[in-house]
Structures are given as structure tokens and as C-alpha cells.
Amino acid sequence: MTDIQATINSLIQELRRGTIIIGVLSQLSEPQYGYSLVTILEEKGISVDPGTLYPLLRRLEKQELLESKWDTNEARPRKYYLLSEQGKLVYEQLCVEWRTMMVSMDSLIGGGSHNEGDGVR
Amino acid sequence: MKVMEYVDRYIYAVTQKLQEKQRQDIEQELRGLIEDMLEERANGGEITQQLVEEVLQELGNPSELADQYRGYKRYLISPEMFTFYWTIMKIVLASIAISMTVVFMVEAITDSSQGLNHFADYFATTTNTLLQGFAWVTIVFGIIEYTGMNSKKLGIDTVTKSWKPSMLTAIPDPSIRIKKSDPIAGIIFTIFFSIIFMFALELIGVYFSTNGDGIKSIAIFDVDVFHRYLPFFLGVMALFILRDIVKLVVGKWSVKVAVFCIAVNIIWLILALILFNDQSIWNPTFMEELVRIGSGLSTEVDFQEIARIWDVSKDIWIYIVSLVVLFESIWIAMKAYRGRRI
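Calculation notes
Residues numbered from 1 in each chain as written. Chains lettered and ligands numbered in written order. Predicted model: local features only at pLDDT ≥ 70, side-chain atom pairs only at ≥ 80, totals over all residues. Heavy atoms only, no water. Buried < 20%, exposed > 50% of the residue type's maximum accessible area, 1.4 Å probe, protein only. Helix = DSSP H or I, 4+ residues; strand = E, 2+ residues; numbered from the N terminus. Axes fitted to C-alpha atoms, helices over the stretch in contact; angles between N-to-C directions. Parallel < 35°, antiparallel > 145°, perpendicular 65-115°, else oblique. Left-handed = near helix turned anticlockwise from the far one by under 90°. Contact = heavy atoms within 4.5 Å. Nonpolar A, V, L, I, M, F, W, Y, C, P; charged D, E, K, R; others polar. Buried area = accessible area lost by both parts, 1.4 Å probe. Salt bridge = Lys/Arg side-chain N within 4 Å of Asp/Glu carboxyl O. Polar contact = N/O pair within 3.5 Å; in protein donor to acceptor, adjacent residues only side chain to side chain. Pairing = 2+ DSSP bridges. 1 Å grid on protein atoms, 1.4 Å probe; cavity = no way out; pocket = protein on both sides within 12 Å on 5 of 7 lines; lining within 4 Å. Points joined across faces, edges and corners; volume = space filled by probe spheres on them.

A. Main features of unusual backbone geometry. The phi dihedral of Glu64(A) is positive, around 65°, even though this residue is not glycine. Given the relative accessible area of 51%, Glu64(A) is considered exposed. The phi dihedral of Asn43(B) falls on the positive side, at around 55°, and the residue is not glycine. Locating Asn43(B) in the fold gives a position in the loop between helix 2 (20-42) and helix 3 (49-59). When its relative accessible area of 70% is taken as the criterion, Asn43(B) is described as exposed.

Written out as C-alpha cells, the structure is:
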């Protein structure tokens, strides 16, 4: 049984991995630093490991989807990230893609079991 | 120990594996993160050692975090190359061990006076040579890895992004396929002869069985003179091994492989021409040694006849090498020509 649980866990992990990027982009129309982003996402039910998020933020910055700025006014210097113009476009496109995917998946998971054979062309 | 000691160690462990230019930035960001996490967990209270360990545990293994930051893993030999690396390594190490053992045994038979010395010598030299072989194979593959000439570019792994079915290579016709045993035997022979020429050139000689004094040999070459050519000789041997690796990778007589093999042959022929054109490579005291041994020989010898054969054989070597090179090159060219038509 533990084997099945382990398989399920790793599959869930895989599913999550793809969604994290959209989740991160969605919250960055306002500047956020890494840990505040962890907290926000956590509150909304998306748990992200900081060890995954921090390198991801750098990668997105390198891909020019995010811009960053150090804020040294506070007690501890923090690096704030914000969506770039390009990032906004990419985020919108990803949202469209996500919605389409959701509809398709819904019809597979929700509709498929009730109307067996309907999906066949 | 200070409570924050582990934090410093952790940050150091992550950032030292990263590139210089991003190190400071990541260090600052990571420190901010850890302090934020500690502050939140402490809930206004004191930051304890236990809390620090808990937070660091959650962030996980620093090498993995560094890998994430870098975006790729670092290898000396990557997993895709490892099988190939290991095959070559096994061939090279086995050939060295076998060659050294053969040399040792022949030396022990022809010179039984110092058996134990020989063995200690054999052991030391073999260990040294095995380590050298290991190091060189690893260095070569390390360079291949480092310069990004990875398996994809070498054509071992055909899974590339822009792959198309039309890129599938035709199954080689059996007549132009290079069997794996051919280049492997080639590597073993090359290493065997390199070792003979480096360590036991005096073993290449004429052997006599004498009355009561065991087997005696007279070297054909002048070891000192010959060793002046050793760098060039080993260079050609290295080319031979490279040629065999290419044959192993490509696996068929394509035109490129054939051209490369013939080019290596020509370089070898040029070296052989220079080498055998130098009369001083021959053992100058061959005849004197022969006369000295001659008295103890079990059979009657005609010294004049041998002297004549000795002079002629000096000239014959170059013809033998030329003929072998010529026939092999023609054979390769025919294979490649047939391969081109198919």
C-alpha cells in the first residue's frame, strides 16, 4: 500500500510543478519578495517549497518575464520581483491555455464516466 | 556554538557551488529568506538552535538547492556518456594489465637471474600504468563533457528536439558494418605495442635457445635511439586509439570514417618511413652479441648467412609496413565505396 501512496505522491508532485509558474505569475502584478510570495500562495492553498520557488524566480527573471529590485530601506534587504511587460503577455496567454485545458480535462474526468462511449468519434 | 553558525555554513555550502557573479546576490536573498522563516517560526520568541535546524532541514540538501539555482547538474562524466566511458575504460585497463603481464613473463623467462626484482618492478610499473590509463581516459572524456561535445553531437543519442523520422539512418548493410570486436581488438593491440615500445623494446629481438643457459635474446633495435622517436610513436598510437573509438561509435564504413582511417594510415606510414630510414635505430652490436652467444648455441650457426639476413631484414621492414598500409587502405576504400552505393 505504501508503494501506491508513494506513486500517488510523486504524480501529484509532477502535476503541481506545472501549475506553480502560473501561480507565481498571477501574484506578481504587485511587487513581492520571495518569502511573502510563499506566504500568499500558502494562504490560497498552493504550497510551494522555498527551495523550489527562489531558484524559479531567478529563472523567470532570466527569461525576462520578471523584473527585480533590491529594497534596502527595510531592516533586512529584500529582493522584490514584479511582472515585466513581456511577463504580463505570457501570463495572459498561459491563463487562456489553462482554461482550455481545464474544460477539456473536465469533460474527460467529469463527463466521461457518465456518458460512456460518447467521447468516441 | 552561535545559533546562526549553521545558517552561515548552509549559505556557504549553497553559494560556493555557484558562479561568482550570482553568488553575492543569491547569498543575500537566501539569508533574507532564512531570517524571515526563523522570525515567523519563533513567533516573537527567541531563535533557538533547534529552530535553525528545523528551517534548514526544510530547505533541504544544499547541493540540491545549488543544482536548482544553477538549473543543471554538473558531471565529470554525464549519465549519457557513462556507459561508453566505462566500456572504453574496461578495454584500456584490461589491455594494459594483459600487456604488462606478457612483458613481465617474457622478461622473466629470458632473464631468470633476478626473478624477485622483476616482480617488484612489474607490480610498480603496472600500477603506475593502470593509473595513467585511468587518468587519461577520464581526462579525455572530461574534456568531451566540458566542451559540450556530448553524446548528442557524437551521434550516440539520437533524441534531439528537432527530430524527424527522415533522420533515421538506414540499417547498415552487413558487409559495411564494423563489428565491435574489430576496433576493440585494435585498441588492445595498440596498447600492447605502445607498452612494449615504452617499457620493453629490448624484447623485440631474435631468440635462441642455448645449451644449459636457457633462452637468450638479442635486441633488434637500439633502445636509446628508438626512444628519441617515442613521442611521435605514441602520438600515432593515440591516433590509432582515436580511430578505433570513431569506428566503435559510428559502427559502419561511412565515407567520413574511411577517409579518417586512411588519413591515420598515411600519418603512420610517414612516421614509419622516417623511422626506418634512420639506420641508427638498429642495434649496432647485433652481430657482436650474436657471435658471443653463438659459441653456446645448441645448433651450428652460419654467421655469414645470418649477417646477410640481418642486413636484408633492415630494409624489408619498411616494405612490410607499406604493403600492410596499402592493402588495408584499399580494403577500407572498397568498403566505403560499397557503403556509398547502398
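B. Looking closely at the packing of helix 3 (residues 50-62) of chain A against helix 4 (residues 62-70) of chain B. Contact geometry of helix 3 of chain A with helix 4 of chain B gives a least axis separation of 8 Å together with a crossing angle of 25°. Judged on the interaxial angle alone, helix 4 of chain B and helix 3 of chain A are roughly parallel. Here the hand of the crossing between helix 3 of chain A and helix 4 of chain B comes out right-handed. Residues Gly51(A), Thr52(A), Tyr54(A), Pro55(A) and Arg58(A) of helix 3 of chain A form the contact with helix 4 of chain B, whose own contacting residues are Leu65(B), Gln68(B) and Tyr69(B). The class makeup of the residues in the contact of helix 3 of chain A with helix 4 of chain B is 4 nonpolar, 3 polar and 1 charged.

C. Structural view of the interface of chain B and chain A. On the chain A side, the residues contacting the 17 residues of chain B number 16 residues. When the two sides are added together, the surface that chain B and chain A hide from each other amounts to roughly 1600 Å², 51% of it contributed by carbon and sulfur. Across the contact surface, chain B and chain A share 7 salt bridges. Among the salt bridges present, the one from Glu39(B) reaches Arg76(A), with a minimum N-O distance of 2.9 Å. Where chain B touches chain A, the interface holds 10 residue pairs in polar contact (both at pLDDT 80 or more). Where the side of chain B that touches chain A is concerned, the elements lending two or more residues are helix 2, helix 3 and helix 4 of chain B. A total of 12 residues in the side of chain B that touches chain A trace back to one element, the largest contributor, which is helix 2 of chain B. Among the residues forming the side of chain B that touches chain A, the class breakdown is 6 nonpolar, 4 polar and 7 charged.

D. Quick look at the sheet that holds strand 3 (residues 78-83) of chain A. One open sheet accounts for 3 strands, arranged 1-3-2 (chain A); its pairing is antiparallel. A single partner strand is all that each edge strand has here, and the edge strands are strand 1 (32-33) and strand 2 (66-71) of chain A. Of the pairings in the sheet, the one linking strand 1 of chain A to strand 3 of chain A comprises 2 bridges and is antiparallel in character. Along strand 3 of chain A, the bridge assignment pairs Tyr33(A) with Tyr80(A). Across the sheet, helix 2 of chain B is in contact with strand 1, strand 2 and strand 3 of chain A; its angle to strand 3 of chain A comes to roughly 100°.

E. Summary view of the layout of surface pockets. Residues and elements named next belong to chain B. Space inside the largest pocket adds up to approximately 900 Å³. Lining of the largest pocket is provided by 29 residues; of these, Trp136, Val137, Val140, Ala238 and Ile241 occupy positions nearest its centre. Mapped onto the lining of the largest pocket, the elements with two or more residues apiece are helix 5 (79-110), helix 6 (115-146), helix 8 (181-199) and helix 10 (230-250). A total of 10 residues in the lining of the largest pocket trace back to one element, the largest contributor, which is helix 6. Tallied by class, residues from the lining of the largest pocket come to 23 nonpolar, 6 polar and no charged.

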